[in-house]
Amino acid sequence: ESWVSVPKVELHAHLNGSIRDSTLLELARTLGEKGTIVFSEVEHVIRKNDRSLKEVFKLFDLIHILTTDHSTLTRITKEVVEDFASENVIYLELRTTPKKNDSIEMTKRSYMDAVIKGLRAITAVDVDFGCHDMESKGSTNLQPINDVNNLSPRKKIYVRLLLSIDRRESTASAMETVKLALEMQELGVVGIDLSGNPVIGEWVTFLPALVFAREQGFRITLHCGEVLNPKEVHAMLDFHPERMGHVCFFNEEHWKRLKTYKIPVEICLTSNIMTETISSVDVHHFADLYKEKHPLVLCTDDSGVFSTSLSKEYSLAASSFGIGKEEMLRLAKSAVEFIFSGEEVKRELREIFDSTMKELR
Ligand code: 5GP
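Since the structure is predicted, the reported quantities are computational estimates derived from the model, not experimental observations.

1. Considering the packing of helix H1 (residues 21–34) against helix H4 (residues 70–86)
If you want to describe how two helices pack, look at the angle between their axes and the distance between the axes.
Line of reasoning, step 1. Orientation of H1 relative to H4, taken along the N-to-C sense of each, is 165°, at an axis distance of 11 Å. The angle between H1 and H4 places the two elements in the roughly antiparallel class. Judged by the twist between their axes, the crossing of H1 over H4 is right-handed. Mapping the contact onto sequence places Thr 23, Glu 26 and Leu 27 in H1 and Thr 72, Arg 75, Ile 76 and Glu 79 in H4.
Line of reasoning, step 2. Broken down by class, the residue content of the contact of H1 with H4 amounts to two nonpolar, two polar and three charged.

As structure tokens, then:
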């Protein structure tokens, strides 16, 4: 069964984790020629297939060396959005950590401007990123809508941005990211994410920035329970974020609270298995949460790093848990309710799903 033609909503995708292998290798080759890195060493790391969670964060340090300059950011943003659109992702919340690098005169703001430039550079598909100035495409041209038979010539994708706080950051740096999000609300920034190596940093460091973000009206999603840390999971549940990612190392009390609060969970099957956070797909908590009708959304996490795609994640869920096509479509549609955009976008997305469901019958 191919899930490429089915409309899908992606809510957990890290920009620098979603880069094509071919682009990463090309960037590595270029930096290798300049002598900044040793290409053969990097090539081996990029091509390697299974990596522990610890190795993933080492890989990200390497990826950031290759990608963190303005023009490369613009390029990868464009490619990542095009790739999602090409597999009929109709709404994408793309998250990235704004980075500062004095040696190339990069500020968090200029980092994000390079990302926005990438969104504006897309011509292969219509992009609505919530920015209604003259330059934005798609917003004045709303009719081409994806359909299962691919009858419409052009695809359209809604893109919204989440700014990530890295767990390596200080309170002040996290606060700077939230302030940047405020400046960029008109450019499609709808929420804040907390991510980065889960064995680094303390919840109390990020809490003030997250509280401030919430006061300013931002929705918040937290990477939660990727490693055993019951105290932190407890504190994160106290915070009651709008969504949570992963939720792997949960105890009975945590499950009970998650279910009572009905906090939607971003499920990243391949990522959890490849990083050995979950030992195999058949023991994944997706099964229990799905059975109990807990709000869930299937996501890729890092489609580049884990060699996956949202269609592959749908296929994996359908085959591993024996879920039929109609039921999968209902699951896909239910994600619309957990997006961080407003009612207008939700209504449009529901319509796309409804027409797809009709065509299937
Ligand atoms: P970026 O924010 O640089 O665009 O995307 C890469 C970053 O996302 C990584 O450096 C890391 O902070 C975060 N990230 C990507 N995948 C994961 C994951 O599986 N778990 C956590 N906690 N963070 C991740």
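That was the structure; now back to the text.
2. A look at the packing of aromatic side chains
The description of an aromatic ring pair uses the distance of the two centres, along with the angle that the planes make with each other.
Line of reasoning, step 1. Per the stated rule, a full pass over the model turns up five aromatic pairs.
Line of reasoning, step 2. Taking 6.4 Å as the distance between ring centres and 50° as the angle between the ring planes, the aromatic pair formed by Phe 57 and Phe 60 counts as tilted. With a gap of three residues between them, Phe 57 and Phe 60 both fall in helix H3 (residues 53–67), about one helical turn apart. Phe 60 carries the same exposure label as Phe 57, and that label is buried.
Line of reasoning, step 3. Ring plane angle 50° and centroid distance 4.9 Å describe the contact between Phe 250 and Trp 255, whose orientation is recorded as tilted.
Line of reasoning, step 4. In this structure Phe 250 comes out as buried when scored by relative accessible area, which is 11%.

So, how was this worked out
- Residues numbered from 1 in each chain as written.
- Predicted model: local features only at pLDDT ≥ 70, side-chain atom pairs only at ≥ 80, totals over all residues.
- Heavy atoms only, no water.
- Axes fitted to C-alpha atoms, helices over the stretch in contact; angles between N-to-C directions.
- Helix = DSSP H or I, 4+ residues; strand = E, 2+ residues; numbered from the N terminus.
- Parallel < 35°, antiparallel > 145°, perpendicular 65-115°, else oblique.
- Left-handed = near helix turned anticlockwise from the far one by under 90°.
- Contact = heavy atoms within 4.5 Å.
- Nonpolar A, V, L, I, M, F, W, Y, C, P; charged D, E, K, R; others polar.
- Phe/Tyr/Trp six-rings, centres within 6.5 Å; stacked < 30°, edge-to-face > 60°.
- Buried < 20%, exposed > 50% of the residue type's maximum accessible area, 1.4 Å probe, protein only.

So far we have only geometry, and geometry alone does not tell us how the molecule works.
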